[in-house]
Amino acid sequence: NKLTQAQVLKNKAYKQEMDTIKGDPVDGACENIRKALDDAKQQFAETNGATTDPAMAKMLAEMEKRIARFEADPRLQNVAGVDALKRNLQTMVDKIEIGNKSMRSAGQSVVRSVQQSLVQSNPKYAQIMKKYADESEFIDVDVGKTLGVTSRANIETMFNKLMKTTQETQKSKGRAVQSL
């Protein structure tokens, strides 16, 4: 359908634009990410250097391992590598229970630092991401809700809306004819 085609075209355009900058170096990213990780540890998992929240410390240690793998591989010291790291860390955060606000907040602060590092080192990245977000919102929210085919609605819902509208139109026409 047209909605799916619009999403495919949006994703294709995003990939083409990212391909133009994916190899660009990301200067200073490691330092900024490390600082955010250390800040998250101090704010959420430690007090006076002692671990106060073992579960939080474990999650941040896993993030630290993933960041270290990125730092150790020169092939990942570019926009594509840092963007992959951002998505990887975001996946970790997304798996945290919604009710665990402090753990989600700690993880999200590290993810934000990765994104900020990308934006600071490559302004075109920020433009590409904004365009992608705007197009996604337009397709998913504006068009999808109007048609009733968002992720929460399905084809049956859209069909039922269409049938109801058709029936209401027929009733309106019938009343107009009777009034003549």
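First things first, this report covers the structure right here in the doc.

The rules behind the values
- Each chain has its residues counted from 1, running along the sequence as written.
- Two thresholds apply to this predicted model, a pLDDT of at least 70 for residue-level local features and 80 or more for giving and counting side-chain atom pairs, whereas whole-chain, interface and lining totals are computed over all residues.
- In computing side-chain properties, one takes all heavy atoms of the structure into account and sets aside hydrogens as well as water.
- Here, nonpolar core means buried Ala, Val, Leu, Ile, Met, Phe, Trp, Tyr and Cys residues that are tied together by side-chain atoms lying within 4.5 Å of each other.
- Burial classes follow relative accessibility: with a 1.4 Å probe on protein chains only, a residue under 20% of its type's maximum area counts as buried, one over 50% as exposed, and anything between as partly exposed.
- Here a strand is any run of E in DSSP of at least two residues, a helix any run of H or I of at least four, and the numbering for each starts at the N terminus.
- Every residue pair with non-hydrogen atoms within 4.5 Å of one another is taken to be in contact.
- What counts as an axis is a line fitted to C-alpha atoms, over the stretch in contact for a helix, and the angles between N-to-C directions run from 0 to 180 degrees.
- When an angle is under 35 degrees it counts as roughly parallel; over 145 it counts as roughly antiparallel; between 65 and 115 it counts as roughly perpendicular; any other value is oblique.
- Handedness of a helix crossing follows the sense of rotation of the near helix relative to the far helix, less than a right angle counterclockwise being left-handed and clockwise being right-handed.
- The term salt bridge refers to a pairing of a side-chain nitrogen on Lys or Arg with a carboxyl oxygen on Asp or Glu at a separation within 4 Å.

Our next topic: the nonpolar core. Of all hydrophobic cores here, the largest spans 32 residues; its most connected members are Met56, Met59, Leu60, Met63, Leu89 and Val110. Contributions of two or more residues to this core are made by helix H1 (2–21), helix H2 (29–45), helix H3 (54–72), helix H4 (79–94), helix H5 (101–121) and helix H6 (123–147). Broken down by element, the residue count for this core peaks at seven residues, all from H2. In contact with Val110, other than residues within four places in its own chain, are Ala36, Leu37, Ala40, Leu60, Met63, Ile67 and Leu89.

All right, on to the packing of H2 against H5 then. For the pair H2 and H5, the least separation of the axes is 9 Å and the interaxial angle reads 165 degrees. With respect to each other, H2 and H5 are oriented roughly antiparallel. Remark: the crossing between H2 and H5 carries right-handed chirality. Here Ala29, Asn32, Ile33, Ala36, Leu37, Ala40 and Phe44 of H2 lie close against H5, whose contacting residues are Ser102, Ser105, Ala106, Ser109, Val110, Ser113, Val114, Ser117 and Gln120.

This brings us to the side chain of Ser136. As for its placement among the helices and strands, Ser136 is situated in helix H6. Under the relative-accessibility criterion, Ser136 is labelled buried at 13%.

Below, the discussion takes up the pattern of salt bridges. For the structure on display, the rule yields 13 salt bridges. Measuring nitrogen to oxygen at the nearest pair gives 2.9 Å for the salt bridge that ties Glu17 to Lys131. In this pair, Glu17 sits in helix H1 while Lys131 sits in helix H6, placing the two residues 114 residues apart along the sequence. Owing to a relative accessible area of 23%, Glu17 belongs among the partly exposed residues under this scheme. When the shortest N-O distance is used, the salt bridge between Lys22 and Asp19 registers 3.8 Å. Note on Lys22: relative accessible area 41%, which makes it partly exposed. Members of the salt-bridge network, linked through shared partners, are Arg34, Lys41, Glu64 and Glu71.

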